[in-house]
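# Examination of the molecular architecture
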Amino acid sequence: MNVIKITNKDALSGEIAAPPDKSISHRAVILAALADGKSSIKNFLAAEDPLRTVEAFRQMGIEITEHRTQNTELIIHGKGLMGLTAPNGVIDCGNSGTTMRLLCGVLAGQPFSATLTGDASLSKRPMQRIIAPLTGMGAKITSQAKGCPPLNVAGGRMKPISYKSPVASAQVKSAILLAGLYCDGITSVLEPDRSRDHTERMLGAAGVEIRIKNLEVSVKGRAHLKPLTMTVPGDFSSAAFFIAAGVVVPGSEIFIRNVGVNPTRTGLLEILKLMGARIEVKNEHEVSGEPVADLHIRYAPLTGIAVGGGLILRAIDEFPILCAAASLSSGTTTIKGARELRVKESDRIKSMAEGLKKMGAGIEELEDGIIIHGRERLLPAALQSYGDHRVAMSMAIAGLMTQGETIIEDSDCINTSFPGFTEMLNRLQKS
Ligand code: S3P
């Protein structure tokens with residue numbers, strides 16, 4: 001079990017490139033495997049989670065080769081919508097909710113059955129949210145108590161539905177849209193709010209007919225997907241740790257190149273700016289159908305605010321690092337409407353509340369959020385990651401603002417999304 005040790009350092013400075021986007025890396029593998037012919041995915045995120053998706057499709061007969069130089073390029077030999085074969089064993093999704101939920105959508109349309117398992121964390125996460133719509137479309141899915149994994153998915157005769165999702169979730173939306181590829185006619189998903197839209201952008205780019213009307217996305221089934229030639233943009237959610245670090249450590253100045261700035265993902269930028277952050281978005285351009293930019297981050301004192309509503313969804317994965325930044329702000333930050341955070345890789349409300357309390361922040365845990373009374377510096381502490389990559393990295397950033405040594409135990413989980421995180425942090429501390 002790895003441990004990260006963080007000691008108080010001076011200002012952070014330097015230039016980094018955001019690591020490749022995790023959500024888009026998963027989707028690239030899935031769509032390329034279902035396309036007719038050879039795809040090239042440049043700047044693929046070779047981290048544990050997306051590699052679970054790669055392995056799953058290899059188990060279903062898809063040839064995928066990895067070329068690792070400075071970045072990773074995947075060559076994927078897609079066999080079309082009906083080209084998969086029954087997996088040669090159980091598919092282990094590891095820690096990856098995206099792998100499990102999106103795969104269920106694909107498996108719903110297959111003429112074979114498959115069993116999906118995951119690690120201790122994934123085995124506790126709710127799957128009923130995909131089981132209900134996919135079953136309504138014709139799949140047969142069995143689960144453990146309360147809809148938890150392992151799951152067995154047997155494809156059925158699929159019929160299109162118009163599904164009104166009770167939860168704004170890109171994983172739910174994507175699972176239904178992927179299952180919709182196996183239906184005659186139009187399948188649609190209506191969300192209570194707009195979740196990240198990478199799947200619909202990428203399906204559109206692959207030549208599938210996609211219609212977006214307000215909060216409803218529709219897909220026309222039985223299309224032939226064109227192979228992809230694409231470059232994965234940088235991950236805003238990984239850049240977020242360094243955005244926050246640059247903002248909270250006095251005297252810091254950081255440039256982060258190649259950051260995905262899809263508006264469904266960048267709520268943290270708006271929140272930090274409302275708190276007083278100095279962040280400039282420069283050189284906006286498009287990479288493979290996604291908006292990308294460079295970010296110029298400078299230290300500025302933050303003041304607590306109230307956060308809720310749609311901003312939470314657009315910063316859903318940034319809750320842990322936002323909590324860390326809020327604990328270093330003057331005044332009080334109140335985050336509400338964030339109940340979903342209870343069912344992520346860990347109960348992120350509880351994980352962050354416990355960790356930041358240990359570091360001396362004033363914390364009140366709410367059913368659907370948290371109240372944080374910030375302070376100028378935190379106290380060094382020995383902290384748990386709770387097996388959650390984003391909690392581990394957020395605690396590491398909070399640890400920069402203590403006088404002493406902060407330890408984050410069980411930090412291997414960082415490799416699910418951001419191998420090289422500590423090295424990148426060290427580079428910014430030395431330059
Ligand atoms: C993701 C969607 C979000 C996000 C997760 C990745 C995706 O989950 O939290 O880290 O790639 O679709 P939900 O769909 O459960 O909100």
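Note that residues are indexed from 1 along each chain, following the sequence as it is written. The model is predicted, so local features are restricted to residues of pLDDT at least 70 and side-chain atom pairs to those at 80 or more, both for listing and for counting; the totals for chains, interfaces and linings are taken over all residues. Side-chain figures throughout are based on the complete set of non-hydrogen atoms in the structure, without hydrogens or water.

## Comments concerning the pairing of strand S1 (residues 4-7)
With burial as the criterion, only one face of S1 is covered, namely that bearing Ile4 and Ile6; the residues Lys5 and Thr7 on the opposite face remain uncovered. In the sheet, S1 pairs with strand S23 (residues 405-409) via four bridges, with the strands oriented antiparallel. Bridge pairing links Lys5 to Ile407 in S23. Relative accessibility thresholds used throughout: buried, under 20% of the residue-type maximum; exposed, over 50%; partly exposed, between the two (1.4 Å probe, protein chains only). Helix numbers and strand numbers start at the N terminus; a helix is a DSSP run of H or I with at least 4 residues, a strand a run of E with at least 2. At least two bridges found by DSSP between two strands are what make those strands a pair.

## As for the site of the ligand
Any residue with a heavy atom positioned within 4 Å of a molecule or strand is treated as near that molecule or strand. All residues adjacent to the ligand are Ser23, Arg27, Thr98, Arg101, Ser169, Ala170, Gln171, Arg196, Ile316, Asp317 and Lys344. One of the side-chain N or O atoms of Ser169 is found 2.6 Å from an oxygen atom in the ligand. Between the ligand and the protein, one listed contact pairs an oxygen atom with a side-chain N or O atom of Asp317 at 2.6 Å. Every accessible area reported is derived by Shrake-Rupley at a probe size of 1.4 Å, with residue values counting cover from the shown protein chains alone. In isolation the ligand has 380 Å² of accessible area, and contact with the protein removes 96% of it. Breaking the shell around the ligand down by element, the ones donating at least two residues are helix H1 (22-34), helix H3 (97-107) and helix H5 (170-180). Side-chain atoms alone can form a polar contact between residues adjacent in sequence; in general such a contact is a pair of N or O atoms within 3.5 Å, and within protein one must be able to donate a hydrogen while the other accepts it.

## Some thoughts on the packing of H1 against helix H2 (residues 48-59)
All axes are obtained by fitting lines to C-alpha atoms, using only the stretch in contact for helices, and the reported angles, taken between N-to-C directions, cover 0 to 180 degrees. Following both chains from N to C, one finds H1 and H2 inclined at 10°, their axes separated by 9 Å at the closest point. What the angle tells us is that H1 and H2 run roughly parallel. Counted together, Lys22, Ser25, His26, Val29, Ile30 and Ala33 of H1 and Asp49, Pro50, Thr53, Val54 and Phe57 of H2 form the full contact between these two elements. Under the grouping applied here, Gly and all other residues not named as nonpolar or charged are polar, the nonpolar ones being Ala, Val, Leu, Ile, Met, Phe, Trp, Tyr, Cys and Pro and the charged ones Asp, Glu, Lys and Arg. Grouping the amino acids of the contact of H1 with H2 by side-chain chemistry returns six nonpolar, three polar and two charged. Oblique is the label for any angle not covered by the other classes, which are roughly parallel (under 35 degrees), roughly antiparallel (over 145) and roughly perpendicular (65 to 115). Here, two residues are considered to be in contact whenever any of their heavy atoms come within 4.5 Å of each other.

## Overview of the domain arrangement of the protein
Bear in mind that the domain bounds are from an automatic or database domain assignment. The domain boundaries assigned to the protein delineate domain 1 (3-20 + 233-430) and domain 2 (22-221). Measuring from the centre of the C-alpha atoms in domain 1 to the corresponding centre in domain 2 gives 28 Å. Taken residue by residue, the interface counts 26 residues in domain 1 and 25 residues in domain 2. Whenever Lys or Arg places a side-chain nitrogen within 4 Å of a carboxyl oxygen from Asp or Glu, that contact is recorded as a salt bridge. Taken together, the links from domain 1 to domain 2 amount to four salt bridges. Between Asp317 and Arg196 there is a salt bridge, with the nearest N and O atoms lying 3.0 Å from each other. Elements with a minimum of two residues in the side of domain 1 that touches domain 2: strand S17 (290-298), helix H9 (310-313) and helix H12 (389-399).

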